[in-house]
Amino acid sequence: MAITSHSGQGLPAARLHEIHDMLALALDATESPKGYPQRIREARSYMRTALRHTVRLMGAEA
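Cut-off values and rules
Residues numbered from 1 in each chain as written. Predicted model: local features only at pLDDT ≥ 70, side-chain atom pairs only at ≥ 80, totals over all residues. Heavy atoms only, no water. Helix = DSSP H or I, 4+ residues; strand = E, 2+ residues; numbered from the N terminus. Buried < 20%, exposed > 50% of the residue type's maximum accessible area, 1.4 Å probe, protein only. Contact = heavy atoms within 4.5 Å. Areas by Shrake-Rupley, 256 points an atom, 1.4 Å probe, with all protein chains shown as cover. Expected span 1.5 Å × (residues − 1). Arc of directions from axis to C-beta.

> Honestly, the overall build of the protein in this entry has me stumped. Any pointers?
Secondary structure summary: the protein contains two helices and zero strands in total. Residue burial in the protein is summarised as follows: out of 62 residues, 18% are buried. Of the contacts made within the protein by residues no fewer than 6 positions apart, 53% connect residues no fewer than 24 positions apart. In the structure as shown, the protein presents an accessible area of about 4700 Å², 59% of it carried by carbon and sulfur atoms.

See below:
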């Protein structure tokens with residue numbers, strides 16, 4: 001039986017951790033000290049929002 005998240009929604013905690021790690025890696029990979037074009041700023045904003053939601057679903061474990 002899979003370990004589920006604290007949210008009670010039945011999503012395996014391991015899957016949430018995997019999603020969290022992928023989002024964090026995507027943000028790291030797109031980091032630039034020179035600034036971002038609008039489309040990259042928007043994409044990074046969506047990734048940060050998804051990362052926050054994932055952390056919330058994980059019960060703030062990450």
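Don't stop here, the text continues.
> Mind showing me how you'd approach helix α1 (residues 13-29) here?
Owing to its 3.6 residues per turn, the α-helix brings residues three or four apart onto one side. For α1, with 17 residues, the first-to-last C-alpha span of 24 Å sits near the 24 Å given by 1.5 Å per residue. Every buried residue of α1 is listed here: Ala13, Leu16, His20, Leu23 and Leu27. Seen from one end, α1 has its buried residues packed into an arc of 85°, which puts them on one side. Looking at α1, the residues exposed on the side facing more than 90 degrees away from the buried face are Ala14, Leu25, Asp28 and Ala29. Next to the buried residues of α1 lie α2 (38-57).

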